[in-house]
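# Secondary and tertiary structure notes
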Amino acid sequence: MATQATINERIDLKLSAIAAEIDNLPAIEEDWPHMLDDHQAAFLLEWDELVTRMESLDSAARSYQMTATQQAHYRDLLHKLAEAMPIVVRLGLSRPQITHTL
Amino acid sequence: MAPADETSANVNRIILEAVRGKQLLAADELWEIQEHVANAWYNLSREQRIPGELVGTPWRGRVLQPNDMLPTDVVHYLKHVVVRQEWPLGMTFGGYRESLRGVICDPASGLMTSIYRDKGCHLSIVRRSGELQGPGGYEWLLVEYRVSTGNIATAFQLEDGLGYLDRPGRREKRWLRRPR
């Protein structure tokens, strides 16, 4: 069974990966028309996986599995996602089903 | 021995016929597909700009900087193995490559065809991660092959397991062989 330390480590890894990918969205949108079709496909596939991980973070936040610092990082991540939503829509990316409120 | 492009065309024909549901594949045809995909790799025709999460990561004696360009296979390795730690800590680039070949060729791996968004026919190869699961990894691992280009698109570990394959965006899904 996963220890709390392991759970915390996994949450940290997910928070940083998702935040980085959201930060990267403006560059992706700029590059998109010039990207190789293989690179576009890879991005779409990996985004779908990150959406799953965002939804699991949402679940962790609602069930109080996050530390206070992680909660703060998660709220920052939700702000970033809200700001990036126009790009998500324009690129036709999957949207996470998140119920946690800011 | 058939030339490589002839073999490739034959394998793609077998996959496409399977997608259309025209035939059940025999064991030797499945093996032919696996062997072919095991020799495929990422599209290396053009380097790509590194994503932000790789900035600051050491690679071959230097620390990566914003807007650095790297081959696609290195970007995938650094992202999923080194930074996200989906594979065991310390896994080398060569070990990563061998790990994907091992998954592709494993008789326990599942093979599923589908049409993915506007990207054409894909072959998804899934297997339990087992010894390949790192601190940030998960129980199942995916290698995604693109029939239209003959390249590996990506490989990563799946938080939601096989449920990942049910996400919107895939249609005409067909298991050529379910994972064991």
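See the structure printed just above.
Now for a description of the structure that goes with this document. (Residues numbered from 1 in each chain as written. Chains lettered and ligands numbered in written order. Predicted model: local features only at pLDDT ≥ 70, side-chain atom pairs only at ≥ 80, totals over all residues.)

A few words now on the nonpolar core. Among the nonpolar cores identified, the biggest contains 44 residues, and B:Leu123, B:Ile125, B:Leu142 and B:Val143 are the most heavily contacted of them. Per element, the largest residue contribution to this core is six residues, and it comes from helix α3 (residues 72–83) of chain B. B:Leu123 has contacts with B:Ile15, B:Val37, B:Leu111, B:Thr113, B:Tyr145 and B:Val147, leaving out every residue within four places of it along the chain. Of all hydrophobic cores here, the second largest spans 15 residues; its members include A:Ala17, A:Ile18, A:Met54 and A:Ala60. (Core = buried A, V, L, I, M, F, W, Y, C linked by C-beta atoms within 7 Å. Buried ≥ 20, exposed ≤ 12 C-beta atoms within 10 Å, placed from the backbone. Helix = DSSP H or I, 4+ residues; strand = E, 2+ residues; numbered from the N terminus. Contact = placed C-beta atoms within 7 Å.)

Turning our attention to the environment of A:Asn24. Relative to the elements of secondary structure, A:Asn24 occurs in helix α1 (residues 4–31). A tally of 19 C-beta atoms within 10 Å means that A:Asn24 is categorised as partly exposed. Measuring from C-alpha to C-alpha, the distance between A:Asn24 and A:Thr6 comes to 27 Å, with 18 residues separating the pair along the chain. Every residue in contact with A:Asn24, bar those within four places of it in the chain, is listed here: B:Pro51 and B:Gly52.

Much of the literature gives interface size as the accessible area that the parts lose upon coming together. Every contact between the two is made by 24 residues of chain A and, on the other side, 30 residues of chain B. Only α1 and α2 (37–62) of chain A provide two or more residues apiece to the side of chain A that touches chain B. When residues in the side of chain A that touches chain B are grouped by element, the largest group, 13 residues, is from α2(A). Here the side of chain A that touches chain B is composed, by residue class, of nine nonpolar, five polar and 10 charged. (Nonpolar A, V, L, I, M, F, W, Y, C, P; charged D, E, K, R; others polar.)

Moving on to unusual backbone geometry. Excluding glycine, residues mostly have negative phi values, and the peptide bonds linking residues are mostly trans. Phi is positive for B:Asn67, close to 70°, though the residue is something other than glycine. Take B:Asn67: there are 9 C-beta atoms within 10 Å of it, and that puts it in the exposed class.

A word on the sheet that holds strand β7 (residues 140–146) of chain B. In a beta sheet, neighbouring strands pair by backbone hydrogen bonds and run either parallel or antiparallel. All names here are of chain B. The strand order across the open sheet built from five strands is β8-β7-β6-β5-β9, with neighbouring strands paired in antiparallel fashion. The open sheet has two free edges, formed respectively by β8 (151–158) and β9 (170–177), since each of these has just one partner strand. Averaged over all neighbouring strand pairs, the angle between strand axes comes to 20°, with direction disregarded. Alignment of strand β6 (residues 121–128) against β7, held across seven bridges, turns out to be antiparallel. Bridge assignment links Leu123 to a residue of β7, and that residue is Tyr145. (Pairing = 2+ DSSP bridges. Axes fitted to C-alpha atoms, helices over the stretch in contact; angles between N-to-C directions.)

Before going further, it helps to spend a moment on the pairing of strand β5 (residues 110–116) of chain B. Residue and element names in this part refer to chain B. Buried residues dominate β5, accounting for five of its seven residues. The pairing of β5 with β6 spans six bridges and is antiparallel. Its bridge partner lying in β6, Gly110 is registered against Val126. By the bridge criterion, five bridges tie β5 to β9 in an arrangement that is antiparallel. Across the sheet, the residue bridging to Met112 is Trp175, located in β9.

That is the geometry; function is a separate question.
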